[in-house]
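Next come the chains, spelled out residue by residue.
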Amino acid sequence: MDEDSHPENADVVIVGGGVIGCAAARLLATDHDVVVVERGQLAAEATALAAGEVTITPSYTDYPEVGTHALEFFLEYDGTGQFHYEARESVEIVPTARIGEAQRRSERLASEGYDVEFLDADEVESRFSGLDLEDGFDGGVRHTETGFVDPYTFATTLAADATERGATFLTETDVTEILVEDDVVVGVDTDAGRIDAPTVIVAAGWRTSLFLDDITPIPVRPYRTQCIVLDLDTDVGDDFPMGWIPGEHVYFRPELNGDLLVGGWSFATDDPVGASGNADEAFIQHVADLAPRFLADGDTARFVNGWAGVDGATPDTRPIIDAPADAPDGLVVATGFHGRGIMTAPVAATLVRSIVTGEATDLPREPFAIDRFESRSRDFRFVSISSGDESYEDD
Ligand SMILES: Cc1cc2nc3c(=O)[nH]c(=O)nc-3n(C[C@H](O)[C@H](O)[C@H](O)COP(=O)(O)OP(=O)(O)OC[C@H]3O[C@@H](n4cnc5c(N)ncnc54)[C@H](O)[C@@H]3O)c2cc1C
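Residues numbered from 1 in each chain as written. Predicted model: local features only at pLDDT ≥ 70, side-chain atom pairs only at ≥ 80, totals over all residues. Heavy atoms only, no water.

Draft legend 1. Layout of the sheet that holds strand β3 (residues 53-54). Within the open sheet, the three strands sit side by side as β3-β8-β4. Their pairing is antiparallel. Two strands in the sheet have a free side with no partner beyond their single neighbour: β3 and β4 (85-87). With two bridges connecting them, β3 and strand β8 (residues 147-149) associate as antiparallel partners. Note that in β8 the partner of V54 across the bridge is G147. Along the sheet, helix α4 (residues 64-77) makes contact with β3, β4 and β8, crossing β4 at roughly 115°. (Pairing = 2+ DSSP bridges. Helix = DSSP H or I, 4+ residues; strand = E, 2+ residues; numbered from the N terminus. Contact = heavy atoms within 4.5 Å. Axes fitted to C-alpha atoms, helices over the stretch in contact; angles between N-to-C directions.)

Set out below in structure tokens:
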């Protein structure tokens, strides 16, 4: 096909060129004619704004194969093009009131085979010189199967691979409609013309539920989440862990240049398009107050920059990767990644491929199936994944 021409047909059309669309395209392009249609630039929305944390093993301890699948992918993909996976331990900082629960949970996870251990405050500080727990923090849970990536490089490397395998990426092209005949998908309409295809994968981020409103209800609502970067007097080094603080709505990870990224502070929003792209002053102040309570150099933390982005939330914080039974044949949905789309992309790609081809996979389908929800309403209570057991109410 001529590079400049608009394709008239494909085996698979993917709506959305974020990390999920790119990852799915890469796996399908080996033996399908794939066209990815992106309304803006590739990986320029939630994907570009992500912190890039890969904490999928602790997030899916009820489905260990999910974490294992993703982690194996990241380790193997490390070194592809410019992509790098930085393996780093994580420390969940434990407030005094939660010590007993954290100890019991650590013991249970260790007995299930996870490399997880409870550390008291002295052990946290002697193992990680950059951490200094004070004022209500009394221990940590150490997880080893975690790490981070640069999300934009990750997505564009996946897209480059997909292109090499024959996929076509159309940017600045809006999919305006899914074309359905006799309850079967026959293609899409775009603002640059129609593309015939028997399979359409909608990986349109938080927009997916609005986009599919007339076809099938998707319980995904937009929420806004934020990151700030701190410069500390002493650069964070190779032994500085990633981590999170339940109840404080923050997580953190080192930057490879010695700065510290702190993310979190997430709220549902009814105005995803108009939502500010800057970090809230309240979040910056919260982190300024918190930093001296867990960082050895917390008093010296200087704000470097901050931003906010919008992702799609589901009622139980896990994504929807499925071909909904009430939707036309040929429609696949991969959305609602709820703050974990970067780390879940390898899993999503494998599941999407399995749904499209019918090939078996060792991954479970049920945690991602849409029929796990009794209601498909978008009017559900938003749960922040950085909140620990508590959660923020909707704004
Ligand atoms: C501040 C922040 C921090 C985060 N930190 C992490 C983290 O540390 N680890 C992690 O795993 N995840 C993190 N996330 C979440 C992660 O970024 C998302 O879950 C992930 O990027 C979702 O990918 P996606 O492809 O589904 O969506 P997106 O990246 O939003 O891509 C969807 C694409 O679809 C396009 N599109 C929509 N409608 C149409 C249409 N009609 N036609 C054509 N194109 C369309 C959009 O333009 C967009 O490019 C974070 C998110 C934010 C905002």
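Read on for the rest.
Draft legend 2. The environment of E92, seen in detail. Mapped onto the fold, E92 is located in strand β5 (residues 90-95). In sequence terms E92 and P241 are 149 residues apart; their C-alpha atoms lie 9.8 Å from each other. Residues in contact with E92, not counting those within four places in the same chain, are R105, G139, G140, V141, H143, W244 and P246. One polar contact links E92 to R105, side chain to side chain, over a distance of 2.7 Å. (Polar contact = N/O pair within 3.5 Å; in protein donor to acceptor, adjacent residues only side chain to side chain.)

Draft legend 3. Up close: the site of the ligand. Taken together, 36 residues sit near the ligand, with E38, T47, E53, D311 and M343 positioned nearest. Note that an oxygen atom of the ligand is positioned 3.1 Å from one of the backbone N or O atoms of A46. Residue I342 places a main-chain N or O atom 2.9 Å away from an oxygen atom belonging to the ligand. In the complex, 98% of the free accessible area of the ligand, which totals 1000 Å², lies under the protein chains. Only α1 (19-28), α2 (46-49), β14 (221-231), β18 (302-313) and α10 (341-357) provide two or more residues apiece to the shell around the ligand. Its residues placed into classes, the shell around the ligand shows 17 nonpolar, eleven polar and eight charged. (Near = heavy atom within 4 Å. Areas by Shrake-Rupley, 256 points an atom, 1.4 Å probe, with all protein chains shown as cover. Nonpolar A, V, L, I, M, F, W, Y, C, P; charged D, E, K, R; others polar.)

Draft legend 4. Representation of the side chain of S90 within the structure. Mapping S90 onto the fold places it in strand β5. Its relative accessible area of 0% is what places S90 among the buried residues. Separated by 2.8 Å, the side chains of S90 and T146 make a polar contact. Beyond its immediate stretch of four places on either side in the chain, S90 contacts T55, V141, R142, H143, T146, P241, M242, G243 and W244. (Buried < 20%, exposed > 50% of the residue type's maximum accessible area, 1.4 Å probe, protein only.)

Draft legend 5. A look at the domain arrangement of the protein. According to the domain assignment, the protein contains domain 1 (12-49 + 151-220 + 316-372) and domain 2 (90-143). Taking only C-alpha atoms, the centre of domain 1 and the centre of domain 2 are 38 Å apart. (Domains from an automatic or database assignment.)

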